[in-house]
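Secondary and tertiary structure notes
Here is what each chain is made of, one letter per residue.
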Amino acid sequence: MSGGERGGAATRSAVRRTVGVLAGCLTAPAGLLYLLLAGVPLGAFLLWPRTRPYALGVFGSGARRLVEVERRRRTRFFGDRFPATYGGEGVVRYLAVRSWSGLMCGVVLALLGFGLVLAGLLAGGVVRGTIGIVELLTQLVLGGVLLFLGLQGLYALTALDARLARECFGPSERELLRRRIDELSVSRAAVVRAVDVERRRIERDLHDGVQQRLVALAMLIGRARRGGGRDPERAAELLGQAHREAQEVLAELREVAWRVYPSALDSLGLEEALGGVAQRCGLPLRIAYEVAEPLPLPVVTAAYFVVSEAVTNAAKHSAASAVSVRVAGPLGGPLTVRIEDDGRGGADPAGSGLTGLRGRVSALDGVLRIDSPLGGPTTIVAELPCV
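Computed from a predicted structure; not experimentally measured. (Residues numbered from 1 in each chain as written. Predicted model: local features only at pLDDT ≥ 70, side-chain atom pairs only at ≥ 80, totals over all residues. Heavy atoms only, no water.)

1. So, the overall build of the protein
Quick reminder of the rule: Helix and strand assignments come from DSSP, with helices taken as H or I runs of at least 4 residues and strands as E runs of at least 2, each series counted from the N terminus. Only protein chains enter the calculation, and the probe is 1.4 Å; a residue is then buried if its accessible area is under 20% of its type maximum, exposed if over 50%, and partly exposed in between. The contact rule is simple, with two residues in contact once any of their heavy atoms fall within 4.5 Å.
From N to C terminus, the protein includes ten helices and five strands. Within the protein, the proportion of its 387 residues that are buried is 33%. Once local pairs closer than 6 in sequence are excluded, the contacts in the protein between residues at least 24 apart make up 69%.

Structure, rendered in C-alpha cells:
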C-alpha cells in the first residue's frame, strides 16, 4: 500500500469514527428518556420482591433494544467485534452510564462548536481593527486553554465509551489479561513439551540409526583388517561395503541435521528449504510459494517445521499418493501455511507430532487447524502472525 493510499484510509477511518461519536450523542437522549419514562412507572414493582423479576424482565427487554443500537454503532463506525451473546444485569447499567457519557460528549462538542463561532468573531474583529492587542492575546490564551480542556474531555469520553462497550458486549480488560496469562502459560508448557519430544526424537534417530550404522561400519573395517593378509579379495570386498556404509551414514547424518535445523533456512530462505523437503519426500509434493516480502526468522522456522512434520506424517501414516503445500502472505496479515494430502485421514490432533506443531505455532501467537475426517483428505492450516 502506497503512502497516499494509507493516508486516504486513515482519513476515511477518522471521518467514520467522528460520525460514530456524533451518532452516539444522538442516541444518548433516547436512552435517558427510556430510563426516566420506563424506570419511574416500574420503580415500585422493582422494589417489591414479588414483582421484581417480572419488572426487571420488562425493563431489561426495552433496554436491550436500545443497547443493541449502541452495539451496532460500535461495530459500524469503530470496527469493534463483540460476541453474539451478551447481557444480564449489565445491560441496564451500560445504558445508564452510556446515556450520561453521550450527553456529556454532546455538551463538549457543542462547547467546541461555540468556541469555533467565537474564534470566527474574534478573527472578524481583528480584520476590522476593533480588537486591541491585549484583548486579542487574552482571548487567544483563554481560547487555547478551553480548546485543550475540551479536546481532553472529548478524548476521555470516547475512551469511556469504548471501555463501557467492552465491559458490556465483550470480555473486560481484566478478563482479557487473565486469558492472555492463561494462554501464555499453556503456550510455554506446550513449547517445553515440544522441545522435550524433539530432543527424544533426535536421540532416538542417533541411537537407532546413525549409531547402529557406525557399529556396523566399525565391524566391517575390523573384519577387513583381520582378513586382509590371508584373502586380499575378501578384504577389498569388505572395504567396499564399508565405503558404502560410510556414505549411507553421512546421508543419514545430513537427514538428522536437516530435521534438527536446516542450514538452508539461514542461507537460502524458506522457499529453498521447502524445496529440500520436496526432494527428500517419498511422495509427489507440489509447493506453491506466494510470499514476496521477507519474513521474520521465527516465522520462517515455524513454517518450515510445520510443513516438514506434516509432510513426514503424510508419507508415513496416511497412505497418500500426493501432497500439496501452499504458503501465502503476509501483506500486513499473517503467514498462512496450508498442507493437504489425499490419504485416508483420521489424523489424531492430540498425537505427539501434531501437539508439538501446535505448541510451536502457539508460541508465536499463531493458530493451527487440523481437519482430518476418516477417509480423508487431511488438511492442516497454520496462521503465523508476522508482526
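2. Details of helix H4 (residues 133-169)
For the record, the criterion: Each residue after the first adds 1.5 Å to the expected span of a helix.
For H4, with 37 residues, the first-to-last C-alpha span of 53 Å sits near the 54 Å given by 1.5 Å per residue. All of the buried residues along H4 are Leu-136, Gly-150, Leu-154, Leu-157, Leu-160, Asp-161, Ala-162, Leu-164, Ala-165, Cys-168 and Phe-169.

3. Topic: the nonpolar core
As a reminder of what qualifies: The term nonpolar core refers to a set of buried residues drawn from Ala, Val, Leu, Ile, Met, Phe, Trp, Tyr and Cys, joined through side-chain atoms within 4.5 Å.
Ranked by size, the top nonpolar core spans 36 residues in total, and within it Leu-270, Tyr-304, Val-311, Val-327, Leu-335, Val-337 and Ile-339 carry the most contacts. Every element with two or more residues in this core is listed here: helix H8 (270-280), helix H9 (297-317), strand S2 (323-328), strand S3 (335-341), helix H10 (352-362) and strand S5 (378-384). Among the elements that make up this core, the one with the highest residue count is H9 (eleven residues). Aside from chain neighbours lying at most four places away, what touches Ile-339 is Val-306, Val-307, Ala-310, Val-323, Ser-324, Val-325, Thr-378, Thr-379 and Ile-380. In terms of nonpolar packing, the next biggest core, distinct from the first, is built from 18 residues, Leu-35, Leu-46, Phe-82 and Leu-160 among them.

4. Let's talk about the layout of surface pockets
The following threshold applies: Detection works on a 1 Å grid of protein atoms alone, calling trapped sets that fit a 1.4 Å probe cavities and calling open sets with protein on both sides within 12 Å along at least five of seven lines pockets, with lining residues defined by an atom within 4 Å of a point. Grid points are joined across faces, edges and corners, and a volume is the space filled by probe spheres set on the points. Note on residue classes: Ala, Val, Leu, Ile, Met, Phe, Trp, Tyr, Cys and Pro are nonpolar, Asp, Glu, Lys and Arg are charged, and everything else, Gly too, is polar.
The calculated volume of the second largest pocket comes to roughly 640 Å³. Forming the walls of the second largest pocket are 21 residues, and the residues nearest its centre are Gly-115, Leu-118, Gly-143, Leu-146 and Leu-147. Broken down by secondary-structure element, the contributors of at least two residues to the lining of the second largest pocket are helix H3 (90-128) and H4. Grouping the amino acids of the lining of the second largest pocket by side-chain chemistry returns 16 nonpolar, five polar and no charged.

5. Here we look at a nonpolar patch on the surface
The condition that has to hold: Exposure above 30% relative accessible area and the absence of a salt bridge qualify a residue for a patch, where like charges join within 9 Å and nonpolar side chains (Val, Leu, Ile, Met, Phe, Trp, Tyr) within 5 Å. Using a 1.4 Å probe, accessible areas were evaluated by the Shrake-Rupley method; residue-level cover was limited to the displayed protein chains. A pairing counts as a salt bridge when a side-chain nitrogen of Lys or Arg comes within 4 Å of a carboxyl oxygen of Asp or Glu.
Among the surface-exposed residues, Leu-32, Leu-33, Leu-36, Leu-37 and Leu-103 lie close enough to one another that they form a single nonpolar patch of about 450 Å² accessible area. Among the elements that line the nonpolar patch, the one with the most residues is helix H1 (residues 3-47), at four residues. The exposure class of Leu-103 is partly exposed, given its relative accessible area of 31%.

6. A closer look at the pattern of salt bridges
One pass over the full model with this rule turns up ten salt bridges. A salt bridge links Arg-98 to Glu-70, with the nearest nitrogen and oxygen atoms 3.2 Å apart. With Arg-98 in helix H3 and Glu-70 in helix H2 (residues 52-78), the pair connects residues that are 28 residues apart, well separated along the chain. The same class applies to Arg-98 as to Glu-70, namely buried. Where Arg-73 meets Asp-161, a salt bridge forms, and the shortest distance between an N and an O atom there is 3.0 Å. With Arg-73 in helix H2 and Asp-161 in helix H4, the pair connects residues that are 88 residues apart, well separated along the chain.

7. Thoughts on the state of the cysteines
Going by this rule: Two cysteine sulfurs form what is called a disulfide whenever their separation falls within 2.5 Å.
All chains considered together, the criterion is met by zero disulfides. There is no disulfide at Cys-25, and the cysteine sulfur nearest it, in Cys-105, is 3.7 Å away.

8. Observations concerning the packing of H8 against H9
Put simply, the rule reads: Fitted lines through C-alpha atoms give the axes, limited to the stretch in contact for helices. The angle between two N-to-C directions lies from 0 to 180 degrees. Just so you know how the angles are binned, under 35 degrees is roughly parallel, over 145 roughly antiparallel, 65 to 115 roughly perpendicular, and the rest oblique. Take the far helix as the reference: if the near one is turned anticlockwise from it by less than a right angle, the crossing is left-handed, and if turned clockwise, right-handed.
Contact geometry of H8 with H9 gives a least axis separation of 10 Å together with a crossing angle of 15°. If you check the angle between H8 and H9, you find them roughly parallel. Once H8 is placed against H9, the crossing between them reads as right-handed. Counting all contacts with H8, which are made through Leu-270, Ala-273, Leu-274, Val-277 and Arg-280, the residues of H9 involved are Val-300, Ala-303, Tyr-304, Val-307, Ser-308 and Val-311.

9. Details of H2
Compared with the 39 Å implied by 1.5 Å per residue over 27 residues, the 36 Å span of H2 between its first and last C-alpha is a close match. Restricting attention to buried positions, one finds in H2 the residues Ala-55, Phe-59, Gly-60, Gly-62, Ala-63, Val-67, Glu-70, Arg-71, Arg-73, Arg-74, Phe-77 and Phe-78. A positive phi of about 75° marks Gly-79, the residue just after H2.

10. A few points about unusual backbone geometry
One non-glycine residue with positive phi stands out, namely Asp-365, at about 65°. Position of Asp-365 among the secondary structure elements: in the loop between H10 and strand S4 (367-371). Under the relative-accessibility criterion, Asp-365 is labelled partly exposed at 41%.

11. With respect to the sheet that holds S2
Worth spelling out the cut-off: At least two DSSP bridges between two strands are needed for those strands to be called paired.
Strand order in the open sheet formed by five strands is S1-S2-S3-S5-S4, with mixed pairing between adjacent strands. Two strands in the sheet have a free side with no partner beyond their single neighbour: strand S1 (285-290) and S4. Strand after strand, the sheet turns through a mean of 10° between neighbouring axes, direction not considered. Two elements, S4 and S5, share five bridges in a ladder whose sense is antiparallel. When the bridges of S5 are listed, Leu-368 appears paired with Ala-382. Packing against the sheet, H8 makes contact with S1 and S2, and its axis sits at approximately 175° to S1. Lying on the sheet, H9 is in contact with S1, S2, S3 and S5; it crosses S3 at an angle near 5°.

12. A closer look at the environment of Gly-90
With respect to the element layout, Gly-90 can be found in helix H3. The class for Gly-90 is partly exposed, based on a relative accessible area of 31%. Placed 77 residues apart in sequence, Gly-90 and Glu-167 show a C-alpha to C-alpha distance of 8.5 Å.

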